[in-house]
2 protein chains.
Amino acid sequence: MATPSASVHIRSDQYHLAWDRSLPPVATVSSGSVVEIDALDASGGQLTEDSTVADVTTLDFGRVDQVNGPVAVEGAEPGDTLQVELLDFQPAGWGWTASIPGFGLLADEFPAAALRITQLRDGIGELLPGARIPLAPFCGEIGVAPREEGPHSTIPPDTFGGNMDTKHLTAGARLFLPVYAPGALFSMGDGHAAQGDGEVCGTAIETPMRIVVRLTVRKDLHVTAPEFQTAGPLASATNRGPFYATDGVGPDLLTAARDATRRMIEYLGREHGIAAIDAYLLCSVTVDLKISEVVDAPNWIVTAYCPLGIFG
Amino acid sequence: MATPSASVHIRSDQYHLAWDRSLPPVATVSSGSVVEIDALDASGGQLTEDSTVADVTTLDFGRVDQVNGPVAVEGAEPGDTLQVELLDFQPAGWGWTASIPGFGLLADEFPAAALRITQLRDGIGELLPGARIPLAPFCGEIGVAPREEGPHSTIPPDTFGGNMDTKHLTAGARLFLPVYAPGALFSMGDGHAAQGDGEVCGTAIETPMRIVVRLTVRKDLHVTAPEFQTAGPLASATNRGPFYATDGVGPDLLTAARDATRRMIEYLGREHGIAAIDAYLLCSVTVDLKISEVVDAPNWIVTAYCPLGIFG
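Residues numbered from 1 in each chain as written. Chains lettered and ligands numbered in written order. Predicted model: local features only at pLDDT ≥ 70, side-chain atom pairs only at ≥ 80, totals over all residues. Heavy atoms only, no water.

(A) Quick peek at the sheet that holds strand β10 (residues 124-128) of chain B. Residue and element names in this part refer to chain B. In spatial order, the strands read β8-β9-β10-β11; together these four strands make up an open sheet with antiparallel pairing. The open sheet is flanked by β8 (94-99) and β11 (131-134), the only strands paired with a single partner. Between one strand axis and the next, the sheet turns through 30° on average, direction left out of account. Sheet topology places β10 next to β11; four bridges connect them, and they run antiparallel. What sits directly across from G125, in β11, is I133. (Pairing = 2+ DSSP bridges. Helix = DSSP H or I, 4+ residues; strand = E, 2+ residues; numbered from the N terminus. Axes fitted to C-alpha atoms, helices over the stretch in contact; angles between N-to-C directions.)

Following this line, the structure appears as structure tokens:
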């Protein structure tokens, strides 16, 4: 099926750096319109195919996680739902993955900056020699204007969407967002070529992305936070063989998530000879965090799952 | 491939109700032996195919989550790893799913007891009319003797395994547990015919289970908590079509898990006409909790995923 032609195109320089319901729209479309977006990577172009780790240490955080838009959708009113059909994602031919000092699930254990540039070819990104990650492109940032006045950072997600970093929002999925402002004021960005559930080091394979979506106002549906229907089976590019899994066990889910990740890093070192920092980046782009059980008080289990096919 | 014949058989009445390194083994086997276990359901036979909700309210918790064993494995010493190959699981023809007052992720919102008896036929359990759950049998409880002296409840899991309630430990998986006591002292039970990641109401489709495992001492491997390799792709019985997903967004993962589950219950009511208590049970047996992102401070996202194929 061909991707529908867009009725409006949003350029890569039509972005904003905070969610804010007072922002004027860069375009207004009718409900059911197809919108095409050219998005820079999450660094806003500060990192390129030729960057080195030194460029990570000098990143200007004021320019990180820009989102393209906002696009007003005619007829959208507070209380409605904006249906976002994710029609197509075309990543660039390269991406970056970084451990940024002070940012990430194990930030205290990985204080130094790290950077990997990955070529993206034939649906695969070889993050490390011998670790071939199947690509499953999506966008970390998809949102609408917040309910509250004033600027909201684009880093944390919220009930209006934003930086959800949800890997299963691939092409073919339909996302439902609560409308809080007239016109909804939709924006999107933060292209990811591949990511694990959790995004533990704080970055995916970050890439500029060409995006096509269809925006439809739903008067018949009321949601209070993001909901979505996936395109089909989950993680079909990676869920093709066995996984290795490590448990974090204890009374706090965040600590358990940290333990599970730390133990996966240990496994990747022990069995695959991968340096700890590289294993941390690998976890972020391909290892999935699941809540195995959250009822056998006082101890919960978070499990980290690594698809072994990446080494095949 | 035929299941290897067992060198020892553990009867359903050879169980214990606490993990305790001082328990005498009911059998001793050599490393590499195949062990067969007949396990009662998690209620220890208190609930049957003919039970009603009244039987849930009178459950004797002192008899819940018994585990069969312990089996000593010759040569296992503290610091070794016990490799548990999960060879075969044969559930009974029925199972139960209950909301037990005071127990479960949303215990405060579902104070009344509830019970569903499900017939298990042709790999399917129809928990509710029109909700056909593909079976993926495993055991909630798999463990060895703890490091510390004295009795340990079988309800919470720990680094020695125990009540891990991990749905991906199906036949064909290999589990690695740290050995803390001479002989390891392995036990297992708590048959589940199907469960979602999280087991949110506190019970799966609980069923008596015939279990076959191979126990091998690994001197070449040292683990500090459970690790495992899955049999193949994850959830292959359910991961066959689209999922509907609901987000919980906020600074605490447990609260986010509760929100995501609550919103899935709302969705199941809104779109599928399922009563809230039934939807809660349905979530427990088939909805998966994933940590979508845990790095975009201060807000994390837990997402609940329901396989829509169950309604097909």
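(B) Region of interest: the pairing of strand β15 (residues 174-178) of chain B. Residues and elements named next belong to chain B. Of all five residues making up β15, four are buried, and the element is well covered by its neighbours. The sheet contact formed by strand β7 (residues 81-91) and β15 spans five bridges and is antiparallel. Bridged to T81 within β15 is P178. Direction of pairing for β15 relative to strand β18 (residues 227-229): antiparallel, over a ladder of three bridges. By the bridge assignment, F176 is partnered in β18 with E227. (Buried < 20%, exposed > 50% of the residue type's maximum accessible area, 1.4 Å probe, protein only.)

(C) Representation of the domain arrangement of chain A. All names here are of chain A. Assigned domains of chain A: these are domain 1 (8-229) and domain 2 (243-311). One C-alpha centre belongs to domain 1, the other to domain 2, and the line joining them spans 25 Å. Each partner contributes to the roughly 2200 Å² buried at the junction of domain 1 and domain 2, and carbon and sulfur atoms together form 65% of this total. On the surface where domain 1 and domain 2 come into contact, there are five salt bridges. A salt bridge links E109 to R258; its shortest N-O distance comes to 3.5 Å. On the surface where domain 1 and domain 2 come into contact, there are 17 residue pairs in polar contact (both at pLDDT 80 or more). Listing elements by their share of the side of domain 1 that touches domain 2, those giving two or more residues are β8 (94-99), β9 (114-121), β10 (124-128) and β11 (131-134). In terms of residue count, β11 provides more of the side of domain 1 that touches domain 2 than any other element does, four residues in total. (Domains from an automatic or database assignment. Buried area = accessible area lost by both parts, 1.4 Å probe. Salt bridge = Lys/Arg side-chain N within 4 Å of Asp/Glu carboxyl O. Polar contact = N/O pair within 3.5 Å; in protein donor to acceptor, adjacent residues only side chain to side chain.)

(D) Just the packing of helix α2 (residues 253-272) of chain A against helix α3 (residues 276-286) of chain A, in detail. Residues and elements named next belong to chain A. Packing of α2 against α3 leaves a shortest axis separation of 9 Å and a crossing angle of 120°. The angle between α2 and α3 falls in the class oblique. The interaxial crossing formed by α2 with α3 has right-handed handedness. In this structure, α2 uses M264, I265 and L268 to contact α3, whose residues at the interface are A276, A279, Y280, L282 and C283. When its residues are assigned to classes, the contact of α2 with α3 shows eight nonpolar, no polar and no charged. (Parallel < 35°, antiparallel > 145°, perpendicular 65-115°, else oblique. Left-handed = near helix turned anticlockwise from the far one by under 90°. Contact = heavy atoms within 4.5 Å. Nonpolar A, V, L, I, M, F, W, Y, C, P; charged D, E, K, R; others polar.)

(E) Broad picture of the pattern of salt bridges. Following the criterion strictly, the structure yields 34 salt bridges over all chains and no others. Measuring nitrogen to oxygen at the nearest pair gives 2.9 Å for the salt bridge that ties D13 of chain B to R11 of chain B. Through salt bridges that share partners, D108, E109, R258, D259 and R262 of chain A make up one connected network.

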